[in-house]
Amino acid sequence: MDRKEKTLFITLGIYVIGAIGLIFSFTYITILIFVGLLLFAAGGEYNTILTATHELFPRRHRSRALFLELNFTNIGGSIAAILALLAISSIFDQRVLLGVTLLISILIMYIIRLRLPESVMWLEARGHINQAGDELKNTLGFTRKVWIILNHRSYHQFILEYL
């Protein structure tokens, strides 16, 4: 497990604890504690996600990706507010909608984290040239032969020319 995966799976675990705790909270204090855990997990991911975006996205798409990443929090909050308004009459219905929303979100986050490639720049900087070549091949569709030819040049220089 690499550096990003470790952080992202730890925060996913905190999300799960916060979500389950929030669904089964019956006092104001426990609601605050579990909302705090959810916010702590979200805050723990921002730097990791921003770093991954910088390392994985081509320069020409990076600003759009960062914009969407930072604003998906607002979209999620809006969806949660709309769902809460639809079920405002029943606390039980609110808990069910919150649980379903969190379950779907956590499942999507888990699947995405399993498929997150390692940064070619990070692998190259650490001397893992073969693994960097494999990631480059999987991400950009290059064959192994092309990576060996490009191996004498810096990845950064290549990426700037390619993208």
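The structure displayed is predicted, hence computed values, not measured ones.

Calculation notes
Residues numbered from 1 in each chain as written. Predicted model: local features only at pLDDT ≥ 70, side-chain atom pairs only at ≥ 80, totals over all residues. Heavy atoms only, no water. Helix = DSSP H or I, 4+ residues; strand = E, 2+ residues; numbered from the N terminus. Expected span 1.5 Å × (residues − 1). Bend = angle between axes of the 7 residues up to and from the residue. Buried < 20%, exposed > 50% of the residue type's maximum accessible area, 1.4 Å probe, protein only. Core = buried A, V, L, I, M, F, W, Y, C linked by side-chain atoms within 4.5 Å. Contact = heavy atoms within 4.5 Å.

1. Focus on helix α2 (residues 28–56)
Along its 29 residues, α2 runs 41 Å from first to last C-alpha, staying within 8% of the 42 Å computed at 1.5 Å per residue. The sharpest bend along α2 reaches about 30° and sits at Tyr-46. Those residues of α2 that sit buried are Phe-34, Leu-38, Ala-41, Glu-45, Thr-48, Ala-52, Thr-53 and Glu-55.

2. Section: the nonpolar core
A general tendency of soluble globular proteins is for nonpolar side chains to be buried together. Within the largest apolar cluster, twelve residues are counted, these being Phe-9, Leu-12, Ile-14, Tyr-15, Ala-19, Leu-22, Phe-34, Leu-38, Ala-41, Leu-102, Ile-106 and Met-109. Of all the secondary structure elements, the ones that give two or more residues to this core are α1 (3–23), α2 and α4 (91–115). Per element, the largest residue contribution to this core is six residues, and it comes from α1. Setting aside residues no more than four positions away along its own chain, Ala-19 makes contact with Leu-38, Leu-102 and Ile-106. With five residues, the next largest nonpolar core counts Val-120, Trp-122, Leu-123 and Ala-132 among its residues.

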